[in-house]
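Structural overview for review
In case you want the letters, here they are:
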Protein chains: 2
Amino acid sequence: MIKELAEIDIRPGCEEDFEAAALEARDLFLGSKGCLAFRLHRSMEQPSRYRLFVEWETIEDHMLEFRNSEAFLGWRRLCGPYFLTPPRVEHLTIIVEGRNEKSER
Amino acid sequence: MIKELAEIDIRPGCEEDFEAAALEARDLFLGSKGCLAFRLHRSMEQPSRYRLFVEWETIEDHMLEFRNSEAFLGWRRLCGPYFLTPPRVEHLTIIVEGRNEKSER
């Protein structure tokens, strides 16, 4: 499993519309081959900056399958109008992981 | 729950030592008040760049309790020598979340 990390700056004032569009776009990701999870986060320090994390089985599922799919066009159609700049995209692998066993989450 | 996101650039060539130190430092985080999870990721595109995600119950658990604790000093003692620049730290809240129900993860 790999994680896509997209840093997305939104035109200030469009945050609410962008979040509604991202909620609508979520199932375009989750219905795509190899997509395991979708999480959109908002920065507390820079409220027009979002971080999208998408878990994919392989990097090809993201860069070949998804990027050439109707689902990708749908995502960009829904959310693209709110982008201030093109998203900055990287891929991450997990190196060290741990969870607090006492926590209920 | 909030997530700390730290972007950490490591001195090139020190990646293996840094990863071993981070594995050792993990329990310093997980033993701290309000720490729910610890995940260190490495960028596939920029292999000396890491992203540390730490889940905290509240931002105060990170910025007041942890930052003023012996555990923080231990983390910096273990991993600080490998930092190329000071980590860039932000805090994130989750806006939209979804998981593929068909996946086994």
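Please read these numbers as outputs of a predicted model, since none were measured by experiment. (Residues numbered from 1 in each chain as written. Chains lettered and ligands numbered in written order. Predicted model: local features only at pLDDT ≥ 70, side-chain atom pairs only at ≥ 80, totals over all residues.)

**Concerning the overall build of chain A**
Quick reminder of the rule: Per the convention used, a helix needs a DSSP run of H or I reaching at least four residues, while a strand needs a run of E reaching at least two, with both numbered from the N terminus. Exposure criterion: with C-beta atoms placed from backbone coordinates, a residue whose C-beta has 20 or more other C-beta atoms within 10 Å is buried, one with 12 or fewer is exposed, and one in between is partly exposed. Note on contacts: each residue gets a C-beta atom placed from the backbone, and two residues are in contact if those atoms are within 7 Å.
Within chain A, the regular secondary structure consists of 3 helices and 4 strands. Ordered by position from the N terminus, the helices and strands of chain A form the series β-α-β-β-α-α-β. Buried residues in chain A amount to 31% of all 105 residues. A sequence separation of at least 24 residues applies to 77% of the contacts in chain A between residues at least 6 apart.

**Section: the packing of helix 1 (residues 15-30) of chain B against helix 3 (residues 70-79) of chain B**
Residue and element names in this part refer to chain B. Quick note on the threshold: An axis is simply a line fitted to the C-alpha atoms; with a helix, the fit covers only the stretch in contact. Between two such axes, the angle follows the N-to-C directions and lies from 0 to 180 degrees. In these notes the angle categories are as follows: under 35 degrees is roughly parallel, over 145 is roughly antiparallel, 65 to 115 is roughly perpendicular, and the rest is oblique. Note that Gly is not counted as nonpolar here; it falls among the polar residues with everything else outside the nonpolar set of Ala, Val, Leu, Ile, Met, Phe, Trp, Tyr, Cys and Pro and the charged set of Asp, Glu, Lys and Arg.
Between helix 1 and helix 3, the shortest axis-to-axis distance is 9 Å and the interhelical angle comes to 175°. With respect to helix 3, the element helix 1 is oriented roughly antiparallel. Facing F18, A21, A22, E24, A25, L28 and F29 of helix 1, the residues of helix 3 in contact are A71, G74, W75, L78 and C79. Taken together, the residues that form the contact of helix 1 with helix 3 break down as 10 nonpolar, 1 polar and 1 charged.

**With respect to the relation of the copies chain B and chain A**
What counts here: For the least-squares superposition of copies, only C-alpha atoms count, and only for residues with pLDDT at least 70 in both.
For these two chains of identical sequence, chain B goes onto chain A by a turn of 180° and a shift of 0.0 Å along the axis, with RMSD 0.0 Å. Look at the turn and shift together and you get a two-fold axis relating the two. A symmetric contact is evident, with 100% of the interface residues of chain B recurring at the interface of chain A.

**Observations concerning the confidence of the model for chain A**
Counted only if it meets this: Confidence per residue, as judged by the predictor, is encoded in pLDDT with a range of 0 to 100.
This prediction gives chain A a mean pLDDT of 96; 97% of its residues lie at or above 70. Note on the complex model: pTM 0.93, ipTM 0.92.

**Quick word on the sheet that holds strand 2 (residues 35-43) of chain B**
Inclusion rule: Should DSSP find at least two bridges between two strands, the strands are taken to pair.
With respect to topology, 8 strands assemble into a closed barrel ordered 1(A)-3(A)-2(A)-4(B)-1(B)-3(B)-2(B)-4(A), the strand pairing being antiparallel. Taking each pair of neighbouring strands and ignoring which way they run, the sheet shows an average axis angle of 35°. Relative to strand 4 (residues 88-99) of chain B, strand 2 (residues 35-43) of chain A runs antiparallel, the two sharing 7 bridges. Across the sheet, residue H41 of chain A finds its bridge partner in strand 4 of chain B, namely I94 of chain B. Together, strand 4 (88-99) of chain A together with strand 2 and strand 3 (49-56) of chain B form the strand contacts of helix 1 of chain B, whose direction differs from that of strand 4 of chain A by roughly 65°. Across the sheet, helix 2 (residues 59-66) of chain B touches strand 1 (2-9), strand 2, strand 3 and strand 4 of chain B, and the angle it forms with strand 3 of chain B is around 105°.

**Considering the interface of chain B and chain A**
Facing 33 residues of chain B, the contacting portion of chain A comprises 33 residues. Elements represented by at least two residues in the side of chain B that touches chain A include exactly strand 1, helix 1, strand 2 and strand 4 of chain B. Here the side of chain B that touches chain A gets 10 residues from one element, more than from any other, and that element is strand 4 of chain B. Each residue belonging to the side of chain B that touches chain A can be placed in one class, and the counts come to 15 nonpolar, 7 polar and 11 charged.

**So, the environment of I10 of chain B**
As for its placement among the helices and strands, I10 of chain B is situated in the loop between strand 1 and helix 1. Among residues more than four places away in sequence, those in contact with I10 of chain B are E15, F18, S48, Y50, Y82, F83 and L84 of chain B.

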